[in-house]
Amino acid sequence: MAAKRKKNLEDLSVDEFLLSGFDSAGEEDFSDGSENETREPNEHKKKKKNVTAPTTGMVDGQSKGKASEHKQQLSRLKNKDPEFFKFLQDNDQTLLNFDDTDSSEDEEERKYHKLPSKLEDASSDDEEAQVSTKKSLETIKVTDKMIEEWKSGLKKEPTARLFREVTQAFKAAVATTMGEGASQCRYKVSDSSVFNALILFCLKDIHKTMQRMLNLKPHNDPKKLVLPSSSQRWQKNQTDIKMYLSGVVQLLSCLTESTVISAVLRHANQLVPYFLCLPKQCRHLIKQLLKQWSTGEETSRVLAFLALIKICRHKQDIYLSSILKQMYVSYVQNCKFTSPNALPMINFMQRTLTELYSLDTQASYQQAFIYIRQLAIHLRNAMTMKKKETYQSVYNWQYIHCLYLWCRVLSTLHPSDVLQPLIYPLCQVILGTIKLVPTARYYPLRMHCCRALTTLSSSTNTFVPVLPFLLEIFQQVNFNKKPGRMSKKPINFAVILKLNKVNLVEKAYKDGLMDQLYDLILEYFHTQANSIGFPELALPAVIQLKSFLKECKVANYCKPMRQLLEKVQENSSYITAQRQNAAFGVADAAAVAAWEKRVRDEGTPLSRYYTQWKKLREKEIQLEISGKERMEDMNFPEIKRRKLQEKKAEDKKEFKGLFESDSDSDEEDTGLTIKSNKATADSEEEEDEDDASDEEAGLTSVPRVALQVTRSSGSSHTRAVCQEDDDDDDEEEASASKAPQPISSSALMELADGDEDVVEDLELSDDDDDD
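Computed from a predicted model, the values in this text were never measured in an experiment.

This brings us to the overall build of the chain. Looking only at helices and strands, the chain features 34 helices and two strands. A burial count over the chain gives 35% of its 771 residues as buried. Sequence separation of 24 or more characterises 71% of the internal contacts of the chain that already satisfy a separation of 6 or more. In the form shown here, the chain has an accessible surface area of approximately 48500 Å², with 50% of it arising from carbon and sulfur atoms.

Written out as structure tokens, the structure is:
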């Protein structure tokens, strides 16, 4: 039995022997484990997985033996099988030589961490590792010489390694503008001249370098883009290109100078094909482009729009819808306040938004339907709730400019079968806006709505009843009533929506209202000038204008309305004469359309007059704008005038009792008599009022002529007296700031009419005698 067991042990490998020897903790002798001989091979495989490597000298969780027991088993193995024990000594000494201390004590000690008795210093190897990491983190300072080397190298032959160096330097330069440290960058840009040279070099040469490096050639069709992702070298250089594009977007976000922003936008416009291949960088670029389009300078707005429309045309299905939504929101945010300086910007945003909406009418219809419905909901709430807050949600600039935008979109994209159903609801919203608060204070808002409806009607060939809202004003406003006050400057109806109570009593209000009525009625009749029903359409206006001319007594208001009435009647007579030669019925729509087209091509009297008036009107607006600009450029000195009462009080205090002592002698010498103190005071008040009126009018003070003698005899003595009086007045006016005038002009006029002012002993010349 022992020989059989020995034979079996010889056949076992080392691992199998260890498994058989450590199976059970209760075995005291290796020879007693006879069960190991009959175990199946699959059981040995399962137990093999639970045994650690021999070098550890420890058994895993299934073995419950201690280290001392293991030592005893190996000592017994030396007696039982000396050959195998010798084999272990020759091949694996670690299995035999191990610590025989109790493993339970070690396990207890391992549960708790013990501090070392002495702290060891860092080894020289650790110091060398830290030095190597510091060297790796040290940045390279960019110099002008390096930039020149990069520039010459990229011109000769652009390589991926050289391009990577340039992009990393550009990233470091952008990090300085962002206020970030350059610790993560390989290069460092600390000098401003180096920064400018590096940015200028990248903006000028990087795009050409990327084209050459990727071996991209332009497409035969200039409208089509060649995407860089089609190049075989794209994957190799994609990481560096992505780094550079991210730097361009970051640089664009932190710039403030308009000229630099324009240069970066031009460069970004060149890089649009590369942005289209990287969606994340493209989204970041779109965000910055929208910011510049809505808030930048004029040139920056145009360049940002060119880049946006380029992105939308080539990735229309991905970016168009989101860009339109963001642009509309930005447009509404920038229309909150309107001024003469802001109007060009708002008009630019309207035109560019319309251009983008024309790319896809289906997407445009979805957004236009949503936003027009939103406007209608605001109007419905205002009509039903009738509160101040709901009125203000409609009567504001954002609401009005949204109406203008959708009128422009539908007018520009006409004819469009997709957008045609939106014309009627938009017209209803605008008409409801006019009727919401139909008072005189909101006449400017009514003018804006009528102008938007006129534009929509003329462009879409849709009849909209605009004229009644304009003729109604003639009945509501009394133009014969004298204004309560004079205004210093005219009212600009283009930049206001509401008038205050003070404006309603000013003369400028009626003048501006009359100009607006004339312009809008003329524009509306111009849109219908070639209509076959123009005489019937113009009849209510003719009746209303005749009634106004009969009642109005102000020539400045009657003159333009009379001229407008004559032109409307002339056009009605022309259309009537042309209709008499027509050989078709009213029901024949095709023949009516052909007739109207022929009349429009030939021209009508009203259309010809409107063309001339429009040219003159545009010149007047340009002159007005240029005049304002010239006035703003000129730095006029500010003249500070004292108030009238303060001037009188100071003069009285300074020159009190100056002429009281010698008043009698003055009267005897000059023969001048002052009737009463009351008359003198009245004359002084009149003089002060005249002076005040002259000062308010901004007129230069001129010497008064005290005596004006216009007699037929015309003696030289009389002219001499007038000249002396003029000289005296000049001296008095020159010293007016130092001393008051003791005698007023009214007193001198009384003296001139008195008995003492008589010319006697006239000596006539011989020529007079002959005459």
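This part takes up the nonpolar core. The biggest cluster of nonpolar side chains holds 165 residues, and the ones touching the most others in it are W150, W406, F479 and L513. Other than its neighbours up to four places away in sequence, W150 contacts V142, L162, E165, V166, A169, Y187, L198 and F201.

The residue Q281 is located in helix α14 (residues 279-295) in this model. What Q281 contacts, discounting residues up to four positions off in sequence, is K242, L245, S246, V249 and F275.

Mapped onto the elements of the fold, P468 is located in helix α23 (residues 467-476). On a C-alpha basis, the gap between P468 and P540 in space is 8.6 Å, while along the polypeptide they are 72 residues apart.

This part takes up the pattern of salt bridges. By the definition in use, this model includes eleven salt bridges. Residues D519 and R617 are paired through a salt bridge, measuring 3.5 Å at the closest nitrogen-oxygen approach. Residue D519 is found in helix α24 (residues 507-527), and its partner R617 is found in helix α28 (residues 605-633); the two are separated by 98 residues along the sequence. Using a relative accessible area of 30% as the deciding quantity, one classes R617 as partly exposed. Residues R617 and E620 are paired through a salt bridge, measuring 3.6 Å at the closest nitrogen-oxygen approach.

An ideal rise of 1.5 Å per residue puts 30 Å on 21 residues; helix α11 (residues 234-254) measures up with 29 Å between its terminal C-alpha atoms. D240 marks where α11 bends most, by close to 35°. For α11, every residue scored as buried is listed here: W234, N237, Q238, D240, I241, Y244, L245, G247, V248, V249, L251 and L252. The secondary structure elements touched by the buried residues of α11 are α9 (160-177), α10 (192-214), α12 (258-270), α13 (272-276) and α14.

By the secondary structure assignment, E157 is in the loop between α8 (144-156) and α9. Using a relative accessible area of 57% as the deciding quantity, one classes E157 as exposed. Placed 56 residues apart in sequence, E157 and M213 show a C-alpha to C-alpha distance of 8.3 Å.

The next subject is α14. Residues lying three or four places apart along an α-helix face the same way, a consequence of the helix completing one turn every 3.6 residues. The end-to-end C-alpha distance of α14, which contains 17 residues, comes to 24 Å, matching closely the 24 Å that a straight helix rising 1.5 Å per residue would cover. Those residues of α14 that fall on the buried side of the exposure criterion are Q281, C282, L285, I286, Q288, L289, L290, Q292, W293 and S294. Tucked into the core, α14 has its buried residues touching α11, α12, α13, α15 (298-314), α16 (316-334) and α17 (343-357).

Running from N to C, α24 and helix α26 (residues 555-580) point in directions that differ by 5°, and their axes come no closer than 10 Å. Our classification of the angle between α24 and α26 gives roughly parallel. Across the interface between the two elements, K507, K510, D511, M514, Y518, I521, L522 and F525 from α24 touch Y557, P560, M561, Q563, L564 and V568 from α26. Broken down by class, the residue content of the contact of α24 with α26 amounts to ten nonpolar, one polar and three charged.

Looking now at the confidence of the model for the chain. With 65% of its residues at a pLDDT of 70 or more, the chain has an overall mean of 75. In this model, residues 101-109 is a region of pLDDT below 50 whose contacts with residues beyond four sequence positions or in other chains number seven contacts. Every residue in residues 131-136 scores below 50 in pLDDT, and together they form zero contacts with partners more than four places removed in sequence or on other chains.

For any pair of aromatic rings, the description rests on two quantities: the centre-to-centre distance and the angle between the ring planes. As enumerated under the stated definition, the model contains 15 aromatic pairs in all. When the ring of Y328 is compared with that of Y371, the centres are 4.0 Å apart and the planes differ by 20°; the resulting orientation is stacked. Here Y328 is found in helix α16, whereas its partner Y371 is found in helix α18 (residues 361-385), with 43 residues between them in sequence. For Y328, a relative accessible area of 5% corresponds to the buried category. A relative accessible area of 14% places Y371 in the buried class. Between the aromatic rings of Y357 and W406, the centroid separation amounts to 5.4 Å while the plane-to-plane angle is 50°, which identifies the pairing as tilted. One end of the pair, Y357, is in helix α17; the other, W406, is in helix α20 (residues 397-412), with 49 residues separating them in the sequence.

Here the focus is the side chain of E165. As for its position among the elements, E165 is in helix α9. Judged by its relative accessible area of 11%, E165 is buried. There is a polar contact of 3.1 Å between the side chain of E165 and the side chain of W150. Excluding residues that lie within four positions of it along the chain, E165 makes contacts with W150, R186 and Y187.

Here we take up unusual backbone geometry. Residue P415 follows H414 across a cis peptide bond; omega there is 0°. Within the element layout of this structure, P415 appears in the loop between α20 and α21 (423-436). In the Ramachandran plot, K386 falls in the positive-phi region, its phi being about 55° despite a non-glycine side chain. On the basis of relative accessible area, K386 is assigned to the exposed category, the value being 58%. One non-glycine residue, N461, adopts positive backbone phi at about 55°. When you line up the elements, N461 lands in the loop between α22 (443-460) and α23. Judged by its relative accessible area of 69%, N461 is exposed.

Two elements in contact, α14 and α15, have axes separated by 8 Å at closest approach and are oriented at 140°. Viewed along their axes, α14 and α15 form a crossing whose handedness is left-handed. Contacts between α14 and α15 pair C282, L285, I286, L289, L290, Q292, W293, S294 and T295 from the former with S300, R301, A304, F305, A307, L308 and I311 from the latter. Looking at the contact of α14 with α15 residue by residue, the class counts come to eleven nonpolar, four polar and one charged.

For the structure on display, the rule yields zero disulfides. Its sulfur unpaired, C335 is 6.8 Å from the next cysteine sulfur, which belongs to C402.

Conventions we followed
- Residues numbered from 1 in each chain as written.
- Predicted model: local features only at pLDDT ≥ 70, side-chain atom pairs only at ≥ 80, totals over all residues.
- Heavy atoms only, no water.
- Helix = DSSP H or I, 4+ residues; strand = E, 2+ residues; numbered from the N terminus.
- Buried < 20%, exposed > 50% of the residue type's maximum accessible area, 1.4 Å probe, protein only.
- Contact = heavy atoms within 4.5 Å.
- Areas by Shrake-Rupley, 256 points an atom, 1.4 Å probe, with all protein chains shown as cover.
- Core = buried A, V, L, I, M, F, W, Y, C linked by side-chain atoms within 4.5 Å.
- Salt bridge = Lys/Arg side-chain N within 4 Å of Asp/Glu carboxyl O.
- Expected span 1.5 Å × (residues − 1).
- Bend = angle between axes of the 7 residues up to and from the residue.
- Axes fitted to C-alpha atoms, helices over the stretch in contact; angles between N-to-C directions.
- Parallel < 35°, antiparallel > 145°, perpendicular 65-115°, else oblique.
- Nonpolar A, V, L, I, M, F, W, Y, C, P; charged D, E, K, R; others polar.
- pLDDT = per-residue confidence, 0-100.
- Phe/Tyr/Trp six-rings, centres within 6.5 Å; stacked < 30°, edge-to-face > 60°.
- Polar contact = N/O pair within 3.5 Å; in protein donor to acceptor, adjacent residues only side chain to side chain.
- Left-handed = near helix turned anticlockwise from the far one by under 90°.
- Disulfide = S-S within 2.5 Å.

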